[in-house]
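In case you want the letters, here they are:
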Amino acid sequence: MAMQLPSSRGKGRRTPMAEINVTPLVDVMLVLLIIFMVTAPLLNTGVPVNLPDSRAKGLEQEQEPVQLSLSADGGIYLGEEPVSEQALPDALARIAGSQPAGAEPRQVFLRADRALDYGRVMFVMGELNRAGLNRVALVSTQGEAP
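Participant: How should I be thinking about the overall build of the protein in this particular structure?
Facilitator: Secondary structure assignment for the protein yields 3 helices and 7 strands. Listing the helices and strands of the protein from first to last along the sequence gives α-β-β-β-β-α-β-α-β-β. Relative to its full complement of 146 residues, the protein shows a buried share of 25%. Taking all contacts inside the protein whose residues are at least 6 apart in sequence as the whole, residues at least 24 apart take part in 77%.

Participant: How should I be thinking about the side chain of Glu 127 in this particular structure?
Facilitator: Note that Glu 127 resides in helix H3 (residues 118–131). Glu 127 gets classed as buried once you look at its relative accessible area, which sits at 11%. For Glu 127, the contacting residues outside a window of four places in its chain are Leu 88, Pro 89 and Leu 92.

Participant: Is there a simple way to think about the sheet that holds strand S4 (residues 81–83) in this case?
Facilitator: Pairing between the strands of a sheet comes from backbone hydrogen bonds, and it takes one of two forms, parallel or antiparallel. As summarised here, the arrangement of the 5 strands in space is S4-S3-S2-S5-S6, forming an open sheet in which the pairing is mixed. In this open sheet, the two edge strands, each paired with only one partner strand, are S4 and strand S6 (135–138). The average undirected angle you get between the axes of adjacent strands in this sheet is 30 degrees. For strand S2 (residues 66–70) and strand S5 (residues 107–112), the ladder comprises 5 bridges, and the chain directions are parallel. For Leu 68, the partnering residue across the bridge sits in S5 and is Leu 110. Running over the sheet, helix H2 (residues 88–97) touches S2, strand S3 (76–78) and S4 and is turned about 20 degrees from S3.

Participant: Explain H2 here, please?
Facilitator: Since the α-helix turns once every 3.6 residues, residues separated by three or four places project in the same direction. Those residues of H2 lying buried are Leu 88, Ala 91, Leu 92, Ile 95 and Ala 96. Along the long axis of H2, the arc covered by the buried residues comes to 135 degrees, so they all point the same way. Pointing more than 90 degrees away from the buried face of H2 are the exposed residues Arg 94 and Gly 97.

What counts and how
- In this convention, every chain numbers its residues from 1, walking through the sequence in written order.
- Given that this is a predicted model, residues contribute local features only at a pLDDT of at least 70 and side-chain atom pairs are listed and counted only at 80 or more, while totals for whole chains, interfaces and linings are drawn from all residues.
- Side-chain metrics in this entry use all non-hydrogen atoms of the structure; hydrogen atoms and water are not considered.
- In this description a helix means any DSSP run of H or I spanning at least four residues, a strand means any run of E spanning at least two, and both kinds are numbered starting from the N terminus.
- With a 1.4 Å probe rolled over the protein chains alone, any residue whose accessible area is under 20% of its type maximum counts as buried; one over 50% counts as exposed, and the rest are partly exposed.
- Whether two residues are in contact is decided by their heavy atoms, any of which lying within 4.5 Å being enough.
- We treat two strands as partners when DSSP finds at least two bridges between them.
- Axis lines are fitted to C-alpha atoms, over the contacting stretch for helices. Their N-to-C directions set the angle, which ranges from 0 to 180 degrees.
- Starting at the helix axis, one direction is taken to each C-beta atom, and the arc is that of these directions.

Shown next, in the form of structure tokens:
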């Protein structure tokens, strides 16, 4: 069995293909893009709060803010963990004490349900102020204010 190699003089000489086939790469990237587009909205979970509307623009932030939520039934949540009224001052003092000396106080995003009374929101804001967390942003949905 002899192998027939292409001759260097013949017409049938082929040069090796030096191009990368990018079609599989594009297919994989499109699938990953679709996966991220579907899962990204699901990552924004938290305490369900009916936020009021506002025409204000979003804030610039340099570090991860503390999420403090007040639900419609009056529950207080630090991140996604429920916190009682009695434990709130200690939890806020721990957060304020965990920041490096000389650094700006941590940003706090306060999300309060629109059905809550003003006194409940002011109680939590007073505890934030007492703990030294004075950079408080009230979170709302962007839209037309009533």
